[in-house]
Amino acid sequence: MKVSAEDVKHIAQLSRLTVPEAEMEKFTEQFNQILNYADILEKIDTTGIEPTPYVLPVSNVLREDVVKGSVSHEDALRNAPAVHEDGFKVPRVIE
């Protein structure tokens, strides 16, 4: 499939882009190179190859969840600058 300058103008219009006339030939050539590469990829035999979104094996890098002790409610509130009804009191941010 060969892309013409008219095709590039149409694609640019659909994309809401302005392509200067001076660069129209360059864009046409680049579109054709992309389509030629896609044609090459279409010819590759992929029989027996399972589709995958990743080129490398994917593994979970997170550790297992382990329940551990934490700061008690009273200890946390002890360091608070202000306490209101057993919780942290913060400055009002909505007027």
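Described in the following lines is the structure provided in the data block.

What counts, and where the lines are drawn
Residues numbered from 1 in each chain as written. Predicted model: local features only at pLDDT ≥ 70, side-chain atom pairs only at ≥ 80, totals over all residues. Heavy atoms only, no water. Helix = DSSP H or I, 4+ residues; strand = E, 2+ residues; numbered from the N terminus. Expected span 1.5 Å × (residues − 1). Buried < 20%, exposed > 50% of the residue type's maximum accessible area, 1.4 Å probe, protein only. Arc of directions from axis to C-beta. Contact = heavy atoms within 4.5 Å. Axes fitted to C-alpha atoms, helices over the stretch in contact; angles between N-to-C directions. Parallel < 35°, antiparallel > 145°, perpendicular 65-115°, else oblique. Nonpolar A, V, L, I, M, F, W, Y, C, P; charged D, E, K, R; others polar. Core = buried A, V, L, I, M, F, W, Y, C linked by side-chain atoms within 4.5 Å.

This brings us to helix α2 (residues 21-42). Over its 22 residues, α2 runs 32 Å from end to end, which matches the ideal 32 Å to within 8%, given 1.5 Å per residue. Restricting attention to buried positions, one finds in α2 the residues Met24, Thr28 and Asn32. All buried residues of α2 lie within an arc of 65 degrees about the axis, which places them on one face of the element. For α2, exposure combined with an orientation more than 90 degrees from the buried face picks out Ala22, Ile34, Tyr37 and Ile40. On its buried face, α2 is in contact with α1 (5-14).

To continue, consider the packing of α1 against α2. Closest axis-to-axis distance for the α1/α2 pair is 9 Å, and the angle between their directions is 100 degrees. One finds that α1 runs roughly perpendicular with respect to α2. Where α1 approaches α2, its residues Ala5, Val8, Lys9 and Ile11 are matched on the opposing element by Glu21, Met24, Phe27, Thr28 and Phe31. Here the contact of α1 with α2 is composed, by residue class, of 6 nonpolar, 1 polar and 2 charged.

To continue, consider the nonpolar core. Within the largest apolar cluster, 5 residues are counted, these being Val3, Val8, Ala12, Val19 and Met24. If we skip the residues at most four places from it in the chain, Val8 touches Val3, Met24, Phe27, Thr28 and Phe31.

Within the chain, Arg16 stands out as a residue other than glycine whose phi angle is a positive 60 degrees. As for its position among the elements, Arg16 is in the loop between α1 and α2. Despite not being glycine, Glu85 shows a phi value in the positive range, around 50 degrees. Inspection of the secondary structure assignment puts Glu85 in the loop between β1 (83-84) and β2 (87-88).

Any functional reading would require information that these geometric values do not contain.
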